[in-house]
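As a plain string of letters, each chain reads:
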Amino acid sequence: MSQNPYAWRPTDLEAIRVTLRIPVSPASIAAINEEMAALERTYPDAIPAAKSHLDAIALLDNQPSPCLGLPTPAEPVLRKRTRKGAAGPVPAELPRRKLDVIEFATELLMEEVSEEFVTPTDPSAAAFAGLAQQRRHHVASLLLILPRLENWIHQPRNRGTFSGQMLRG
């Protein structure tokens, strides 16, 4: 018995919720369910594409981390080291007290060391960035098919909990 390609699978609602990182609430589940039903009624030809995007995202999310099996990233490599004495010009009058001589001589020994490091390219970071880019592409394509769900995506906000408008009365 083959499954209808123009109908949603029983697991697609949860897959959409997880893929779009929509928080679990009765209202969000109802919104996803309504959007899926509306797509099934109005444009069922898009359902196979949406299911393929969900499958691709599930594969990307379930892949083992690209860092596993690869060597640990190399330590930063020293590219340039410069040394510079910290003492300025010799004063016109040299110190006469013992404490002043010690302080003056210590300043002569001090030096400023500047080191510049280069971090070698990390292949695991590039692989992770590629997977993240693929996931973003599939999510954007899924949001083109189910556009009303974009309002339900949970994104952390940088502002406070109050987001209303102040009115004077």
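We now turn to the structure provided with this report. For clarity, every value in this text was computed on a predicted model and none was experimentally measured.

Details of the packing of helix 1 (residues 12-19) against helix 2 (residues 26-42)
- For the pair helix 1 and helix 2, the least separation of the axes is 10 Å and the interaxial angle reads 115°. Viewed along their axes, helix 1 and helix 2 form a crossing whose handedness is right-handed. Together, Asp12, Leu13, Ile16 and Arg17 of helix 1 and Ile29, Ile32, Asn33 and Met36 of helix 2 make up the contact between the two elements.
- Its residues assigned to classes, the contact of helix 1 with helix 2 shows five nonpolar, one polar and two charged.

Describing the nonpolar core
- Of all hydrophobic cores here, the largest spans 19 residues; its most connected members are Trp8, Ile16, Leu20, Ile32, Leu39, Leu146 and Leu149.
- Elements represented by at least two residues in this core include exactly helix 1, helix 2, helix 3 (47-62) and helix 5 (123-145).
- Leave out the neighbours within four places in its chain, and Leu146 touches Trp8, Ile16, Glu35 and Leu39.

A short note on unusual backbone geometry
- Phi at Arg21 takes a positive value of approximately 55°, unusual for a residue other than glycine.
- Relative to the helices and strands, Arg21 resides in the loop between helix 1 and helix 2.

Section: the packing of helix 1 against helix 3
- Axis separation between helix 1 and helix 3 bottoms out at 10 Å; the angle between their running directions is 60°. Comparing their axes, helix 3 and helix 1 come out oblique. With respect to the hand of their crossing, helix 1 and helix 3 are arranged in left-handed fashion. Contacts from Asp12, Ala15, Ile16 and Thr19 in helix 1 reach Lys51, Leu54 and Ile57 in helix 3.
- Partitioning the contact of helix 1 with helix 3 into residue classes produces four nonpolar, one polar and two charged.

Definitions and cut-offs
- Residues numbered from 1 in each chain as written.
- Predicted model: local features only at pLDDT ≥ 70, side-chain atom pairs only at ≥ 80, totals over all residues.
- Heavy atoms only, no water.
- Axes fitted to C-alpha atoms, helices over the stretch in contact; angles between N-to-C directions.
- Helix = DSSP H or I, 4+ residues; strand = E, 2+ residues; numbered from the N terminus.
- Left-handed = near helix turned anticlockwise from the far one by under 90°.
- Contact = heavy atoms within 4.5 Å.
- Nonpolar A, V, L, I, M, F, W, Y, C, P; charged D, E, K, R; others polar.
- Core = buried A, V, L, I, M, F, W, Y, C linked by side-chain atoms within 4.5 Å.
- Buried < 20%, exposed > 50% of the residue type's maximum accessible area, 1.4 Å probe, protein only.
- Parallel < 35°, antiparallel > 145°, perpendicular 65-115°, else oblique.

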